[in-house]
Structure formats: structure tokens, C-alpha cells
Amino acid sequence: MRDAVKSLNGDPQKINPICPSDLVIDHSVQVDFSRSSSALEKNENIEFQRNGERFKFLKVCIEAEAVMLGQAISLLLPEVIGYKIEGKLSQYVTSTDLVLTITKHLRQLGVVGKFVEFFGPGVKELSIADRATISNMCPEYGATVGFFPVDQNSLEYLKQTSKSPGCTKVGFKGYGLRNEDKLGATGQFEFEGKTYTLKHGSVVIAAITSCTNTSNPSVMLGAGLLAKKAVEAGLSVAPYIKTSLSPGSGVVTYYLRESQVIEPLNQLGFDVVGFGCMTCIGNSGPLDPPIVDAIEKNELVVAGVLSGNRNFEGRIHPNTRANYLASPLLVIAYALAGTVDIDFEKEPIGTNKQGAPVFLRDIWPSRSEIHAVEKQHVIPAMFREVYARIENGSNSWRALQAPEGQLYPWDLSSTYIKRPPFFDGMGRDVTPGDRVIEQARVLLLLGDSVTTDHISPAGSIARTSAAAKFLASKGLSPPDFNSYGSRRGNDDVMVRGTFANIRIVNKLVSKPGPKTVHFPSLEEMHIFDVAEKYKTEGVPVIIIVGKEYGQGSSRDSEWRSSEDQSHLSIRFGHRSFRTG
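Structure report, in brief. Every value quoted in this text rests on a predicted model; they were computed, and no experiment measured them.

1. Describing the pattern of salt bridges
Inspection of the entire model under this criterion finds 15 salt bridges. A salt bridge links Lys114 to Glu79; the shortest N-O distance between them is 3.9 Å. Of this pair, Lys114 sits in the loop between helix H3 (95-109) and strand E2 (115-119) while Glu79 sits in the loop between helix H2 (39-60) and strand E1 (80-84), placing them 35 residues apart in sequence. When its relative accessible area of 21% is taken as the criterion, Lys114 is described as partly exposed. Its salt-bridge partner being Asp491, residue Lys418 comes within 3.3 Å of it at the nearest N-O pair. Of this pair, Lys418 sits in the loop between helix H17 (395-399) and strand E12 (441-445) while Asp491 sits in helix H20 (residues 491-497), and the two are 73 residues apart along the sequence. A relative accessible area of 29% means that Lys418 is categorised as partly exposed. For Asp491, a relative accessible area of 10% corresponds to the buried category.

Written out as C-alpha cells, the structure reads:
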């Protein structure tokens, strides 16, 4: 923006945020190393190796959006939906279970673009952390915002965390397992000198992650107490399962350590691997090649279980077709069981040192246990100590040497940071766009509930994708491709990543994936390549979509995905066109 202003003989210094803002980078760190006390340090080091160029750019200029720059926005007065909460949770139910149930209800109701207010006698039974868990999931149930009334509990929470009160419809269609041969499929592999067998439902990723759940002390301490009881009972997690703990805040590790549950978490493989979104944003990192081999050769539907916000198709890992959201306690439980195909009420989770069966109920901590530990160990001093140094950043961040000056010195050879083309050719006068669409071809024919993860994925860049071909042409090898989320600063990569989700279902082709058909040649190619071919032919394109197009995920992804589509010259006749 500063470059554009300067090119029009304006003062680039006028482009500055007028709203106070903090920069938090949480979408780049990946679970490359896990199940090790050194995983945190190793993951941070490799994060800075991969993303040093991006971080230098961010250190120069905060990624400010229009509102931060003082531009007014207009909003329609939203419809407010009331959601009444009654009763209280049983000792076996966590706030994560509650929020997933609420999300299911509200998705069925349809609350896109609406405000959801939670009320009723049951509200007082929920802690502020529980309420925050429910509110923070509003992108997942589709609302603009979810909120609770302020009460005495709210004011007490502000005091506890050292803040002054006076300061400013989706149907699951299955996995396509249609015969007995497929249902009984298994795959063997070698791992650390032993032979293991995978089947449908086997857990290969178990991640305690996301801002929503790791910011809630009750579920995090509950997970720690569950881990402690599991270790005492002699239970363990299979070594090939990729387990990880990635809190959203350093306060979490502080109170886990003080309450003496960090060690049993480590013993089960849930070492702290980083601070950030990690598996929730799709940065789950690679699985061991023998495991991937067993999955792919036997067409197994294996599972990832995470305490994240989102399990949209193709997001968590390309080899885990089944991805389930669960509380941190249940993430550990499913990791111990090694499968999601289990009835915890009737089947043991494992056996103890004497060979006797151990059921989940035997190691599940009561709510009173959890609350007692929380009251003793989650104290205001922790928040003050951690937040007092939060602006300092890590040693690696402080060591970054960023360029100085008002204008960023663009590196034309960079595959991470590129001067965006949005302002190219811009003049001082606004010119009307071409709104006439004639003789257009259909680029994609999509169904209902296409998410922003289908439109603009954030996870790993597949080696056979259009983006991978572009990066390879620049001399990069697959280990250096990184993720779409990490390359959002380069439109050449992101436009090739548009609709690159490996699970997207385009009804113009025979199987899921980022391919489409060019007409009239009937040639099947990557979506980007077909769009480019139409562009060279001067043929406009449209996509036909079902209802709830662009739902879910974070709001910045919605903006990003709309920009990516505009770069493909896609036009929309309807925002929500129902097919079939």
C-alpha cells in the first residue's frame, strides 16, 4: 500500500495503523519433531529456518487490514439468535464435548452471518474459560460472533487473570467403504524394530492443540490428571502414534508444571512441541514413511484425533481421512486405545501392570478434582509473569535483522514474499468493473458446504500440485515447499493453491481432488492450469456452488480465498446456488 501511494506521488508514511495492535505469529510452526523433550527447541529452530524471510518482513511492517488503518466498514444489523442453556454438566462431560454439541445444533439451524447469544440458568454453571471455548468456536458453527452476558463470574475472572474490570447443515456421506474386503483391510509396517498393524479407525495422530482448548485450564488440567492416572495404571501410547501438545500460551506449561502433571504427559508422548496452532491449522508435520506406505497401499481410513477447532476435509493431514475433534482428555484416551473404533463404556482402554483390564472410567478425573487443582495452581501471578515478557519475543525473533525504512525492499527472486499485484495500474480515479458475463465456461461444479479450506487450503503443499510445480521451477525441492499458510505472502503460490484441497469434490471429474475439465477439449488438468488456459482463450469462467459456500474456518481465510479466486478470473452469478 505504501508503494502504491508513493507511485501516485503521495506520502507513504500516511499508511499506518491508527488502531493499537499486536502481532502474533501462530500459523507457521509445524510438528516436525515430537515425543521428545527437545521437540520444542527443534521445531522452533526449523520454523525460523523455513520462515526467516517472512518473519523479517513481518518485523518491518505489521500485517494491517483496512479497519486497523482507520477505514470505516458498513455492517447490516445482524439477526440475534438466542441459545438457552439449562442444567449442569456431568462429571464425565467437558466443555469441549458441550461446544461440539452446540456446534452441531447451530450448524443444523444455520446461523451464518448472525449473532448468537447464550443465556439461561445453565450459564452460571459454566466457568469463563468454558464460555470462551463456546464463543471461540463461532466460525465453526458459522456465526459472526457468539457471546455471553457479563455476570459476577466474568468480573471474578478478570481479577484472577490480572485484568481490571474498568479497562477499556452438513451431512456426512461416509468414506466409500462398500464391501467386506475393504472393511477388513489391514496394513503392517516396521517401526523402531517392531511390527505393527493398522486397520480402519487406527489412530496415527493425537494432538492437544488450538487456542480454544489449550486456553481452558479445566480441560488442560483434566488431561494432565488423566495422564497421571494412566501412567500410574501402567498404560502407554503406541510409539508410532504422533502425539503432541502445542499450547496457545506459555501460561499453560506454567500451571501444568506447577500442578506436577507435565511429566506424566511427557511419559505418554505429549511433550510440548511448540506454541501455536500447529495441527489445528494443518501443520501436523510428516508421518513416518512406513506408516504412510501401509495407509496408501491398503487404502486405510486412519484417524487423527485433536482438540482443535477444525477438522475440515484435507486439513489435518493428507493421509488421515478421518479426523475427529475431542477434548484434551479424550485425545489422550483415544491415543491410549490406539483406535477410534471403541466403546469406552464397554471396552477397556488397555491393561494394567497385572494384566487386568483398565476402563476409561477408572482413570477419568472428577470435576471436583480438576477444580481443586485449578484453584490451587492457576493464579494471577502466573499470568502477570508470562505476559510481562510476551512482547520480548524469543531469542530467535530478537536475533532477526530486518531491513529499515518506510518501503519494503522487495526481492524479485523470493518465493515467500512478493509485492502484491492488487494496486498495479491503479490510478486516482475509480473505474467501474466489467459486470457482464457472456459465453462463460463452468470451471467447477461443486456441492453444498464448500469451506474456505476447500477454496484456499492452509496445510502442506502436495508434491504433485500446481503450486509444487511452480516452486520446483524456482529450484526448490519438496522438503522446502513448506505450507500454503506459510506462503500466503506470494500470490504466485496462492493462486495455484486455490481449490488445491485433496478432498474437494468437483462433479466435472470422476474422483476427489484439485482437477477439472477444459471444454471443449475435455482435457483434465489442475484447476489452475484450466483457468489459465481459459484466460489465454479470452473465455470467462464461473463456478456453480451449493449452499453455505465459503463457510467455516477463520475470517482472514475468507478474505484470502476471495482474493485467490479473483486472480483466477472466477465470476459468481449466485452467492449460494443449490444444485441437485
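2. Points about unusual backbone geometry
With an omega of 5 degrees, the peptide bond running from Phe519 to Pro520 counts as cis. Topologically, Pro520 is positioned in the loop between strand E13 (515-518) and strand E14 (523-526). At Asn9, a position not held by glycine, the phi torsion is positive, near 65 degrees. Structurally, Asn9 can be placed in the loop between helix H1 (2-7) and H2.

3. Here's the deal with the side chain of Arg131
Of note, Arg131 is situated in helix H4 (residues 128-136). Within the structure, Arg131 has its side chain in polar contact with the side chain of Asp151 (distance 3.0 Å). Setting aside chain neighbours within four positions, we find Arg131 in contact with Val123, Lys124, Leu126, Phe148, Pro149, Asp151, Asn153 and Ser154.

4. Considering empty space enclosed by the protein
Counted as a void, the largest cavity has a volume near 130 Å³. As for the largest cavity, its lining consists of 14 residues, and the residues nearest its centre are Val93, Thr94, Ser218, Arg367 and Ile370. Considering only residue class, the lining of the largest cavity consists of six nonpolar, six polar and two charged. Counting the residues that make up the lining of the largest cavity, at least three belong to each of domain 1 (80-160) and domain 2 (186-378).

So, how was this worked out
- Residues numbered from 1 in each chain as written.
- Predicted model: local features only at pLDDT ≥ 70, side-chain atom pairs only at ≥ 80, totals over all residues.
- Heavy atoms only, no water.
- Salt bridge = Lys/Arg side-chain N within 4 Å of Asp/Glu carboxyl O.
- Helix = DSSP H or I, 4+ residues; strand = E, 2+ residues; numbered from the N terminus.
- Buried < 20%, exposed > 50% of the residue type's maximum accessible area, 1.4 Å probe, protein only.
- Polar contact = N/O pair within 3.5 Å; in protein donor to acceptor, adjacent residues only side chain to side chain.
- Contact = heavy atoms within 4.5 Å.
- 1 Å grid on protein atoms, 1.4 Å probe; cavity = no way out; pocket = protein on both sides within 12 Å on 5 of 7 lines; lining within 4 Å.
- Points joined across faces, edges and corners; volume = space filled by probe spheres on them.
- Nonpolar A, V, L, I, M, F, W, Y, C, P; charged D, E, K, R; others polar.
- Domains from an automatic or database assignment.

It is worth stressing that arrangement in space is one thing and function is another; only the former is reported here.
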